[in-house]
Amino acid sequence: MRTLVIARRELGSYFRTALGWVLAALFLLLSGLVFAASSLSPGEPASMREFFTVWWSLLVIVAPAISMRLLAEEQRTGTLEPLLTSPVAEVEVVAGKLLGAAGFLACCLAPTLSYVAVLAWLAGPDLGPIVAGYVGVMLLGTLYLSVGLLFSALTASQTLAFLATMFFLLLSEVGAQRAAAHLTAPLDAAALSLSVNLRLGDFARGVVDSQHVVFFLAATAWFGGLTALVLRTRRWA
């Protein structure tokens, strides 16, 4: 219950500030441009595969922008201490913040369902890959938000949290593929298993593999656990 209260408060805060509306507007503007350029090309198959591929890349910027304020703003305004001294567990704070941010991402995605309606009216595409694409966006976005939440807990500067999250996401993806190129079996396969881009390939083909789902959820929980640990050290400091 307390987790849902925090999530509802966090979700509402995005729509009470200019930042939330600016992010939502930019999200929809970019979504419309990407959809028009990639899914409405004459003579091309009716598909949103390119749309999702572009958005999986853009989440490296969008997710840090959404998550940078989650705990950094609480530290800057001095409201984190009262929150940590209240009878709320660190895990509940982390889960509530993450659910609120993921809810905002879902709200930004919701208007893009109109693109699916347009595509269905014009060409009648296969809905399987489209559903899998949205699942992939939410799983990847939630993972990236959990990373951003961790960095937001480490600093009171939203700008620093944004930059640290973005560079971490870029370096982790490049690092996984570079490491795999210099390793031999079975270590190369282990390194490649950490590449989110390779895992998203199945979602692009319309396949929601349970192994990929478990990976994204487990990685999200791991970063969430690290954030809860950071909050616990602050509580007892």
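It should be noted that the structure appears before, not after, this text.
Residues numbered from 1 in each chain as written. Predicted model: local features only at pLDDT ≥ 70, side-chain atom pairs only at ≥ 80, totals over all residues. Heavy atoms only, no water.

A. Layout of a nonpolar patch on the surface. A cluster of nonpolar side chains, contributed by Val22, Leu26, Leu29, Leu30 and Leu33, occupies part of the molecular surface with about 450 Å² of accessible area. Note that leucine 26 resides in helix 2 (residues 18-38). (Patch = residues over 30% accessible without salt bridge, like charges linked within 9 Å, V, L, I, M, F, W, Y side chains within 5 Å. Areas by Shrake-Rupley, 256 points an atom, 1.4 Å probe, with all protein chains shown as cover. Salt bridge = Lys/Arg side-chain N within 4 Å of Asp/Glu carboxyl O. Helix = DSSP H or I, 4+ residues; strand = E, 2+ residues; numbered from the N terminus.)

B. Looking closely at the state of the cysteines. Enumeration according to the criterion identifies 0 disulfides in this entry. Of the cysteine sulfurs around cysteine 108, a residue in no disulfide, the closest is that of cysteine 107, at 7.0 Å. What makes cysteine 108 buried here is its relative accessible area of 5%. (Disulfide = S-S within 2.5 Å. Buried < 20%, exposed > 50% of the residue type's maximum accessible area, 1.4 Å probe, protein only.)

C. Highlighting the environment of arginine 235. Position of arginine 235 relative to the elements: it lies in helix 12 (residues 210-235). Residues arginine 235 and glutamate 81, spaced 154 residues apart in sequence, show a C-alpha to C-alpha distance of 7.7 Å.

D. Expanded view of the packing of helix 1 (residues 2-14) against helix 6 (residues 90-109). Interaxial distance between helix 1 and helix 6 falls to 7 Å at its minimum, and their mutual angle equals 40 degrees. Viewed along their axes, helix 1 and helix 6 adopt a mutual orientation that is oblique. Crossing geometry of helix 1 relative to helix 6 is assigned as right-handed. Residues Arg2, Thr3, Ile6, Ala7, Arg9, Glu10, Leu11 and Tyr14 of helix 1 lie in contact with helix 6, whose contacting residues are Glu92, Val93, Ala95, Gly96, Lys97, Leu99, Gly100, Ala101, Gly103, Phe104 and Cys107. Residues of the contact of helix 1 with helix 6, tallied by class, amount to 10 nonpolar, 4 polar and 5 charged. (Axes fitted to C-alpha atoms, helices over the stretch in contact; angles between N-to-C directions. Parallel < 35°, antiparallel > 145°, perpendicular 65-115°, else oblique. Left-handed = near helix turned anticlockwise from the far one by under 90°. Contact = heavy atoms within 4.5 Å. Nonpolar A, V, L, I, M, F, W, Y, C, P; charged D, E, K, R; others polar.)

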